[in-house]
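Each chain, letter by letter, is given below.
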Amino acid sequence: NDFPTLAGSYIKPEQTIYLLVNHERVHEAVTDLIRVGLDNVAGYLAPQDLNAAPQLVTLEELSAEGLQTRIAQHEVLVVDVRTAFEFELGHLPGALHIAHTRLLPRLHEIPRDRPLVVHCQKGDRSPAAAALLARHGFEVYHLAGGLRSWYAAGYDAVSE
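Calculation notes
- Residues numbered from 1 in each chain as written.
- Predicted model: local features only at pLDDT ≥ 70, side-chain atom pairs only at ≥ 80, totals over all residues.
- Heavy atoms only, no water.
- Helix = DSSP H or I, 4+ residues; strand = E, 2+ residues; numbered from the N terminus.
- Rg over C-alpha atoms; globule rule 2.2 N^0.38 Å.
- Buried < 20%, exposed > 50% of the residue type's maximum accessible area, 1.4 Å probe, protein only.
- Contact = heavy atoms within 4.5 Å.
- Areas by Shrake-Rupley, 256 points an atom, 1.4 Å probe, with all protein chains shown as cover.
- Arc of directions from axis to C-beta.
- Pairing = 2+ DSSP bridges.
- Axes fitted to C-alpha atoms, helices over the stretch in contact; angles between N-to-C directions.

S.K.: Looking at this model, I keep getting lost on the overall build of the chain. Mind explaining?
M.R.: Across its full length, the chain carries six helices and seven strands. Its helices and strands in sequence order give the chain the pattern α-β-α-β-β-α-β-α-β-β-α-β-α, from N to C terminus. The C-alpha radius of gyration computed for the chain amounts to 17 Å, which stays within 12% of the reference 15 Å derived for 160 residues, consistent with globular compactness. Expressed as lengths along the three principal axes of its C-alpha atoms, the size of the chain is roughly 45 × 30 × 30 Å. Expressed as a percentage of the 160 residues in the chain, the buried residues total 36%. The long-range fraction of contacts in the chain, counting pairs at least 24 apart against all pairs at least 6 apart in sequence, stands at 68%. Total accessible area on the chain is roughly 9200 Å²; 50% of this is exposed by carbon and sulfur atoms.

S.K.: Honestly, helix α5 (residues 126–135) in this entry has me stumped. Any pointers?
M.R.: Residues that lie three or four places apart on an α-helix share one face, since the helix turns once every 3.6 residues. Those residues of α5 that fall on the buried side of the exposure criterion are S126, A129, A130, L132 and L133. Each buried residue of α5 sits inside an arc of 155° when the element is viewed along its axis, so together they form one side. Lining the buried residues of α5 we find α1 (3–10), β6 (116–119) and β7 (140–143). Two residues or fewer past α5, G137 is found with a positive phi of approximately 90°.

S.K.: Even after reading the chapter, I still don't get the sheet that holds β7, so can you show me in this structure?
M.R.: As summarised here, the arrangement of the five strands in space is β3-β7-β6-β4-β5, forming an open sheet in which the pairing is parallel. Each having just a single partner strand, β3 (61–62) and β5 (96–97) make up the two edges of the open sheet. Two strands pair when backbone bridges link them, and strand β4 (residues 77–80) and β5 are joined in this way by two bridges, in the parallel orientation. In the strand pairing of β5, V79 is matched with L96. Lying on the sheet, α5 is in contact with β6 and β7; it crosses β6 at an angle near 150°.

Here is the structure:
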């Protein structure tokens, strides 16, 4: 359901698009893209054909414990990609807040002096955000399980 929103937020109209989609959903995906003004689809690959795509990259995930260690050692910058309301309720100390749908026009605000750890609430929005940042040359990790995993590990957050 988030595909058109993510595509419209993460892809510039002039970019060439290659889809990773099941054969039976190609038409639906292309139609969704056209509806948000993206019509430069050059091709697609079905998930079962991934072995034919050697250029795919897998992003590394960090556990809450791994993130805590890296924060304590000042090794990473946390990027919180949740909504403003969610961020105000509680966030990691020192986190940079940019909603996932606003990342592309705000890339210039993100420091490049250290690796990033991207997270959302439960880990469903942040993987796409992390992939966008990686595509733009950032060294980036994803917090497995999102902020929920942080709380489940017994760590606290701060609120506005």
